[in-house]
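As a plain string of letters, each chain reads:
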Amino acid sequence: MARYLIRRLNLFLATSLVLFLVMFIATGKFPVAHTFALTGLQSPTAQELTQIAQDYQLDSSQAHQFLAYLQQRLSGNLGISATSQNPVIDELTAVLPASFELGIVAGLIALVLGLPLGVLASLSKHKITQHTIMAITLTGYSIPVFWLGLSLSLWFGVQLGWLPISGQINLLYDIRPVTGFLLIDTLLSDSQYATSAFIDALLHIILPAVTLAVLPFTVVVRITRAAMISIMDQTYIKAAEARGLHTSIIVLRHALPNAFIPVLKNLGLMLGAFASYAMVVEVIFSWPGVGAWLVSGIYQRDYTVIQGGILAVALIIIFLSILIEVIHTAMNPLSRKELYAAN
């Protein structure tokens, strides 16, 4: 576990160093441009310039500047957006809940649909069923996310008119934010239109969530199938069958919980790809999350937004990967045994 944490820390330091070096390359040796990229202030006063030089140690070596830059960013000082002149940390906290909501719904869709299909593919005696399920997963894994998102928008949004293709909720609904998760806020709202608002928010999230769920869905199906095939040949499974237990009881109580352990491990490994897919999905469906906010900052050359968004995404991925690793270690007796042996 200690080596795992050190690797994640090194990954974050490498990301921060790349952002710092890119900022130096983009601004060159111009102090005004460098100050603008660090803080987002367009016309800083002489007193602000002195404070910036002190906070970021601009008169010291680049190593000291990097350490000061890292200290400022980790303390929550992400600067001011060059376009809106609002603190980046405020804009980031405003768009984070939408991204988390989309990611959670997409993850639930992937698990709810992927686990049963993986079990079915492993237990089915019909080759056609097995090959069909695996062909679906291979196709889903190969489809580009931008093409899938645009196709679903065209089919279900434009041609059929079943689902909305942009935004998080109809602008006619005025929902007071409580948790930041719109589906929950609509249920907590005391408005007389709360039920209609919840249904509208649910319809808005279907297309982006399904598009984002395709990648983890294919991984869940394939890993579940491979794990179930291996587990069903174990001695304790055959012993349970010999005692006359029904196949459904064996699968639900004994096989599936053990098969979920490698699924959880692989979901942790694909968090980076999942985050990059989420950014594309948010842009396609105009979802007001971190991805759309970050891409907008890139288009506008808002350096403080770019730095803050990338650092936030990196920290979230590292935190979630560590959390998944902890849960995986707690669920897997073999991992706990290896951990105790290492200590």
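Residues numbered from 1 in each chain as written. Predicted model: local features only at pLDDT ≥ 70, side-chain atom pairs only at ≥ 80, totals over all residues. Heavy atoms only, no water.

**With respect to the overall build of the protein**
- Within the protein, the regular secondary structure consists of 15 helices and zero strands.
- Its C-alpha atoms put the protein at 80 × 55 × 40 Å along the principal axes.
- Residues classed as buried in the protein amount to 41% of the 343 residues present.
- Here the analysis covers contacts within the protein between residues at least 6 apart in sequence; of these, 70% occur between residues at least 24 apart. (Helix = DSSP H or I, 4+ residues; strand = E, 2+ residues; numbered from the N terminus. Buried < 20%, exposed > 50% of the residue type's maximum accessible area, 1.4 Å probe, protein only. Contact = heavy atoms within 4.5 Å.)

**What to know about the environment of leucine 111**
- Secondary-structure assignment places leucine 111 in helix α5 (residues 88-123).
- Here leucine 111 falls in the partly exposed class, since its relative accessible area comes to 23%.
- Between the alpha carbons of leucine 111 and valine 221 there is a distance of 8.7 Å; along the sequence they are 110 residues apart.
- The contacts of leucine 111, once residues within four sequence positions are left out, are Pro116, Val220, Phe260 and Leu267.

**Things to note about the environment of glycine 167**
- Within the secondary structure layout, glycine 167 lies in the loop between α7 (145-159) and α8 (182-188).
- Apart from the residues within four sequence positions on either side, glycine 167 is in contact with His204, Phe285, Ser286 and Trp287.

**A closer look at α5**
- The terminal C-alpha atoms of α5, which comprises 36 residues, lie 51 Å apart, in line with the 52 Å expected from a rise of 1.5 Å per residue.
- At valine 95, α5 shows its maximal bend, which comes to roughly 30°, and the proline proline 97 appears one to four places after that position. (Expected span 1.5 Å × (residues − 1). Bend = angle between axes of the 7 residues up to and from the residue.)

**Considering the pattern of salt bridges**
- The tally for this structure, following the rule as stated, stands at one salt bridge.
- Among the salt bridges present, the one from lysine 265 reaches glutamate 325, with a minimum N-O distance of 2.9 Å. On the criterion of sequence distance, the pair formed by lysine 265 in helix α11 (residues 247-269) and glutamate 325 in helix α14 (residues 303-331) is long-range, its members being 60 residues apart.
- A relative accessible area of 29% means that lysine 265 is categorised as partly exposed. (Salt bridge = Lys/Arg side-chain N within 4 Å of Asp/Glu carboxyl O.)

**Concerning the packing of aromatic side chains**
- If you walk through the whole model with that rule in mind, you get one aromatic pair.
- Between phenylalanine 156 and tryptophan 162, the aromatic rings sit 6.0 Å apart at their centres with planes inclined by 45°, giving tilted as the arrangement.
- Overall, phenylalanine 156 belongs to the partly exposed group, its relative accessible area being 27%. (Phe/Tyr/Trp six-rings, centres within 6.5 Å; stacked < 30°, edge-to-face > 60°.)

**Things to note about the environment of leucine 108**
- Tracing the chain through its elements places leucine 108 in helix α5.
- Look at leucine 108 and you get partly exposed, because its relative accessible area is 48%.
- Along the sequence, leucine 108 and arginine 301 sit 193 residues apart, while their C-alpha atoms lie 35 Å from each other.

**Thoughts on helix α4 (residues 62-74)**
- An ideal rise of 1.5 Å per residue puts 18 Å on 13 residues; α4 measures up with 18 Å between its terminal C-alpha atoms.
- Where α4 ends, the next residue or the one after it, glycine 76, has phi of about 100°, a positive value.

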